[in-house]
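Residue-level structure breakdown
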Amino acid sequence: MKQNMTKIIITVLVLALSVFLFQSYGVADKLSRFVTIMGNITNSLKNAKHAYEEVNFTISDDELKDVNITKLAQEFKSSIDKKKEALVLAIKAPPEIQVDEIREEEIPTHTKTQTIKAKIVKMEDLPAKFKPLKQYLHEPFKMGACQICHTSKNNKPGELVKKNISEICYECHKTRYTKKFDHKPAKDGRCMDCHDPHQSNTKKLLKAESVNTLCLKCHDRKSTFSAKAEKLFVNMDLAVKHKPIVEKSCLECHDAHTADHKSLLSLDAKMDLCLDCHDTIKEKITHAKFKHGGVNTSEKRCLECHDPHATKHVKLLKKDPVATCLKCHDKEVKSDEDGGMLMNMKKHLDENPNWHKPIKDVKKEGGCSACHDPHGSDNFSILRKSFTQNFYADLANKEFFCFKCHTEKKITKQFITTSQEHNITAFRDGEVNLHYLHVNDRKGRACRACHDEHASKYKHLIRDYTDFNGIKFPLRFKESAEGGSCAPACHKEFAYDRVNPKGIGK
Amino acid sequence: MISAYDFAKAFIALAIFFTGAFAEDGFMQVLTPKQNHLQTELTLNVVLEIDKKRVDIIKIMTPLEEIEIDMKSQKNTECKNIQLRLGENRVDIRAYKENVLVAQENRDVYVSSELYHQFRYPPQEYSHTYFHNKDNEKLCAKCHDMSVNEVSGVAFEDITKSNCYGCHKSINKEKYAHAPSANWLCTSCHIQSKKGVSKYLTKEPINASCFECHEENKELWGNAKYRHEPLDSGHCEKCHNPHSGPYIMFIRKDVNLICLGCHKDKHIKAQQSKNSACSGTSEGGLCIECHTPHASNQPFFLKKRFERVVK
């Protein structure tokens, strides 16, 4: 029994040890994985199509005889002809192609195998009119493969393979110019209008010394477009031209063949295209607190004021700086800032003969844009610098816009004593600076309380009416030889005189 | 026995007497002011209907002045602006023909004022009468344009063009004038109409009209802890003349006197005080140097905390 017991104990111990080892080394897992892998292998061997036993393919000699190689060749050729026919049709009526399809120009390669068959014209055999050779040569011309385009059936020189020249071009230049808008010559297949088929001194085998001269051959004011198509003209006689026209080429903006936007432009001509280059303006237009409706909500956007090619006026403006603004501001216009109505500036200027200098002296001072930023600004009324809308203003903040041109001393100097200082202000009673009295004493009145910043009937741009609490009060300004008088709402009629002081402010 | 002749004589005498009486009435008729008229302004328009054939000179006598009007024009109405004093005024209007008094009428007019204790409460018989009602305006319309010709939001370039100016010009003659008044924008305040009484009453209380322009003050004073009674009751016109006045800010009296009109006790106290700042006359010091007349967050409407004011 004892022996049996020991045997049992030993077997139990061995079993326990083996189970422990089995589990601690993960033998079971490994075994099961091995089994599945082996299973997979056998399965795949079983199901594989290229399994040896399935390969059973032989061609008899009879079968080989039936295969007509000539027929195959004919079929192949006819399919090519069909494709060609389709191409011809495509030229006549270009198929609709997705706008966003990206065009990659296929530059044809003329391998030797193609040209070997053709009859090579040697350089010295070329007609005299091609000599001397120019800088850029058309690849077939360079190789002397005249046969690609010309036939030698007749003795006529220059007889073409096909009647339609564009067909010959498209044979190799497989790109179809079929975006939304096409250049008329490209659409009509008049490739030769711009390109020389043989050689040129200009890249892309152009028929002119440069891209611009080529374009202007047609798009010049002197050319033969009908009067209706006025926008197709670029008058190069005008003094101010867009930089790309002078320094680069028309192709900076336009595509010569086809484009997705009107006027053969890659982006929308009204604004997007302009802002592609004009970064700072883009920043202003998009991020300014106060935006100009003329740019942001108008129909023609940038083109509302600017001409993209050439004009007589600065900044490529269509009209002179003031007239450009008055094109829209000749009526009451709704303001984008607060929805209020902006005054009819043209009427205001017509009615009031004394104009603020920037408006009067447009050439020197820049017109309206001397004070307003037409592209947008962080200051109200798209002013270039801060200003007040109120009747009263804290002029301790000397950042006022007016002082950009007018001296601050006008309002800071209480007494004007010496004759050298007389040019500071003429609004004084003897030595007393009446500007100081109005602006710096107690409640400061803003410049625009008395002055109209645009135009006035009176001298010194004195307003006829000042707005106070929504009521227009007349200033009743009268000028005398050495002074004047005012009788506004603020006080009764007070007179001042520079020579014989009336005692104001005492 | 009363004969038919006597009866006829008596009838004729009676007729003559009555026609005579009517005739005397017919010399002159005072259309305005009414008897026992009460007002707060110191000027008054007297409107007379006169038979020009029977009267050649009109004399208007007030406690302050004597006015003579020659009957040169052919109109049978005469308007005259007269000056009054505070309290009772007897307006004596006499019509003469070749230096003979032909008609005489008297009108008692009382000018009350909140600022003087003695004129604050008028005798009972006096009552406010207003002029601009339909019946009166019909009479005036013969000569005057009685419509309002203000353009909303735009003041007159030439104030004499205002239809109000002709009769009311004297209200703006003082040195300091309130802008809406000086520019004859009368309907910015005179907008209330009471049927049969007047077309151009002001709002009651008036401060609603004042704060339309003086908005910032409304907020400033409205939020203050202590507010002066006239401000709180909305009667700005108690101290300020909304038209014009000889003192700055169109106050009705000199700055200290305006306070002492109500605060009489302070006057006596101040006079007894040794502190010259509070002597109660404009030579000593101004009340408004320490007190604000409208509203304050400090007691007694002091401008700053008491210790700081006294120093």
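From a predicted model like this one, the values you see are computed outputs, not experimental measurements.

**Regarding the overall build of chain B**
From N to C terminus, chain B includes 12 helices and 15 strands. The burial tally for chain B puts 18% of its 311 residues in the buried class.

**Here's the deal with the overall build of chain A**
The helix and strand tally for chain A stands at 20 helices and 17 strands. Restricting the contact set of chain A to residue pairs at least 6 apart, pairs at least 24 apart contribute 48%.

**Topic: the sheet that holds strand β7 (residues 87-97) of chain B**
All names here are of chain B. Judged by pairing direction, the sheet is mixed, and its 6 strands sit side by side in the order β5-β4-β7-β8-β2-β9 without closing on themselves. The two strands at the open ends of the sheet, each matched to only one other strand, are β5 (66-70) and β9 (127-128). The pairing of β7 with strand β8 (residues 100-111) spans 11 bridges and is classified as antiparallel. Across the sheet, the residue bridging to lysine 97 is valine 100, located in β8.

**Considering the environment of glutamate 88 of chain B**
All names here are of chain B. Mapping glutamate 88 onto the fold places it in strand β7. The spacing of glutamate 88 and tyrosine 126 is 38 residues in sequence and 9.8 Å in space, taken between C-alpha atoms. If sequence neighbours within four positions are ignored, glutamate 88 has contacts with Asp108 and Tyr110.

**What about the sheet that holds strand β6 (residues 77-83) of chain B?**
Residue and element names in this part refer to chain B. One open sheet holds the 3 strands; their spatial order is β1-β3-β6, and the pairing between them is antiparallel. Each edge of the open sheet carries a strand with a single partner, namely β1 (28-32) and β6. In this sheet, neighbouring strand axes are inclined to one another by 30 degrees on average, regardless of whether the strands run parallel or antiparallel. With 7 bridges joining them, strand β3 (residues 43-50) and β6 adopt antiparallel strand pairing. Residue pairing in the sheet places valine 46 in a bridge with lysine 80 of β6.

**What about the interface of chain A and chain B?**
Listed per partner, the contact involves 10 residues of chain A and 10 residues of chain B. When residues in the side of chain A that touches chain B are grouped by element, the largest group, 4 residues, is from strand β14 (residues 471-474) of chain A.

**A few points about the environment of serine 198 of chain B**
All names here are of chain B. With respect to the element layout, serine 198 can be found in strand β12 (residues 198-201). Distance from serine 198 to histidine 132, taken between C-alpha atoms, is 4.8 Å for residues 66 residues apart in sequence. The residues contacting serine 198, other than those within four sequence positions of it, are Tyr130, His132, Asn133 and Ser193.

**A short note on the nonpolar core**
Membership of the largest hydrophobic core comes to 20 residues, with the highest contact counts inside it found for Met28, Val46, Ile50, Val55, Ile58 and Ala95 of chain B. Beyond its immediate chain neighbours, meaning those up to four positions away, valine 46 of chain B contacts Thr32, Pro33, Ile60, Lys80, Ile82, Val91 and Ile93 of chain B. Cys194, Ala269, Met271 and Ile285 of chain A belong to the second largest nonpolar core, which has 13 residues in total.

Cut-offs and rules
- Residues numbered from 1 in each chain as written.
- Chains lettered and ligands numbered in written order.
- Predicted model: local features only at pLDDT ≥ 70, side-chain atom pairs only at ≥ 80, totals over all residues.
- Helix = DSSP H or I, 4+ residues; strand = E, 2+ residues; numbered from the N terminus.
- Buried ≥ 20, exposed ≤ 12 C-beta atoms within 10 Å, placed from the backbone.
- Contact = placed C-beta atoms within 7 Å.
- Pairing = 2+ DSSP bridges.
- Axes fitted to C-alpha atoms, helices over the stretch in contact; angles between N-to-C directions.
- Core = buried A, V, L, I, M, F, W, Y, C linked by C-beta atoms within 7 Å.

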